[in-house]
Amino acid sequence: MTAPGEDSADGSPAAESGGTRRQDTGEPQRDTAERQPRSTPDGPPPRRATDSGDGEGWMPFVRDLVVSLLAVALFGSYLFAISGVWPPLVAVESGSMNPNMEREDLVFVMENERFTPAEATGETGVVTAQTGRETGYSQFGGYGDVIVFTPDGDPNRTPVIHRAKLWVEEGENWCDRANEEYLGNSNACEEAPHAGFITKGDANGQYDQVRGISEPVKPEWVVGTAEVQVPYLGWFRLQLQ
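Source: prediction; values computed, not measured.

Right, let's get into the side chain of E172. Locating E172 in the fold gives a position in the loop between strand 6 (160–168) and strand 7 (196–200). Look at E172 and you get buried, because its relative accessible area is 19%. Discounting residues that sit within four places of it in the chain, E172 has contacts with W167, R177, C189, E190, E191 and A192.

Written out as structure tokens, the structure is:
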């Protein structure tokens, strides 16, 4: 033990009496100022940029949209593979087929020659109302097939969905086979310009050939036969036209 004011035996100065002895570790002491965060001249130090996730907000929407479009494309391809007609779904635009088909119904159409019924006229794949009455074949509340056809074969005209009533041959006078009620005062039945189907809307009072909608419908003008209808779903398709 050393007395106050005296040096220790190893030559180092002794701490003053009553004070706390500090042990010299031999390591230099850092200045307190060096341990404080430094500021840039313009403010606090810049923070490291992080991904806020804003870029991911629209990704689920895009993914869902792509998946939905692919699903629609696959469904459309599947229907086309079955029907052989594009588009395989048509919307009823008028009430000419009431009450068996109504406006805004969506109708699935199949290529008429794909599955030919035994009652069909030749190789057309279409069964007329006249034949259906004799054999009991019926579709959509009436005898015979309902067909979709292009009037006079003109691709610029809107296709018509009406019932095939009877088949006539070129030059045939088909007045005796027609229903006089649907002829009116017309002589359109006296001589068919070519072979084809006589058609009529279920709600219409005259044949399409009497009304001037189309000449007898040639088989190549037939888009297909109506197979299934879904009420009201045609509204969406009509809005896109």
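Moving on to the sheet that holds strand 7. Across the sheet, six strands lie side by side as 1-2-8-5-6-7; this open sheet has antiparallel pairing. Two strands close off the open sheet at either side, each with one partner strand: strand 1 (89–91) and strand 7. Strand-to-strand, the axes of this sheet are offset by a mean angle of 50 degrees, without reference to chain direction. Across five bridges, the pairing between strand 2 (residues 106–110) and strand 8 (residues 222–230) is antiparallel. If you follow F108 over to strand 8, its bridge partner there is V228.

So, about the pattern of salt bridges. In the structure shown here, the tally under the stated rule is five salt bridges. Measuring nitrogen to oxygen at the nearest pair gives 3.1 Å for the salt bridge that ties R103 to E104. Among the residues examined, R103 registers a relative accessible area of 46% and is labelled partly exposed. Ionic pairing is found between E172 and R177, a salt bridge with its closest N-O pair at 2.8 Å. A residue is classified by how much of its surface remains accessible, and R177, at 29% relative accessible area, is partly exposed.

Moving on to unusual backbone geometry. Following W86, the chain continues to P87 via a peptide bond in cis, the omega torsion being 0 degrees. Following N98, the chain continues into P99 via a peptide bond in cis, with omega recorded as 0 degrees. Inspection of the secondary structure assignment puts P99 in the loop between strand 1 and strand 2. Of note, E104 is a non-glycine position whose phi angle comes to about 80 degrees, a positive value. Relative to the assigned elements, E104 resides in the loop between strand 1 and strand 2. If you check the backbone angles, Y232 has positive phi at about 70 degrees while not being a glycine. Examined against the element boundaries, Y232 turns out to sit in the loop between strand 8 and helix 4 (234–240).

For the rest of this paragraph, the subject is the packing of aromatic side chains. If you walk through the whole model with that rule in mind, you get three aromatic pairs. Both rings, one in Y182 and one in Y207, keep their centres 5.5 Å apart while their planes meet at 90 degrees; by these two values the pair is edge-to-face. Placement of Y182 in the loop between strand 6 and strand 7 and of Y207 in the loop between strand 7 and helix 3 (208–211) is noted, with a sequence separation of 25 residues between them. Like Y182, the residue Y207 is buried in the burial classification. Here the guanidinium or amino end of K200 rests over the ring plane of Y182, the centre of that ring lying 4.3 Å away.

Conventions and cut-offs
- Residues numbered from 1 in each chain as written.
- Predicted model: local features only at pLDDT ≥ 70, side-chain atom pairs only at ≥ 80, totals over all residues.
- Heavy atoms only, no water.
- Helix = DSSP H or I, 4+ residues; strand = E, 2+ residues; numbered from the N terminus.
- Buried < 20%, exposed > 50% of the residue type's maximum accessible area, 1.4 Å probe, protein only.
- Contact = heavy atoms within 4.5 Å.
- Pairing = 2+ DSSP bridges.
- Axes fitted to C-alpha atoms, helices over the stretch in contact; angles between N-to-C directions.
- Salt bridge = Lys/Arg side-chain N within 4 Å of Asp/Glu carboxyl O.
- Phe/Tyr/Trp six-rings, centres within 6.5 Å; stacked < 30°, edge-to-face > 60°.
- Lys NZ or Arg CZ within 6 Å of the ring centre and 35° of its normal.

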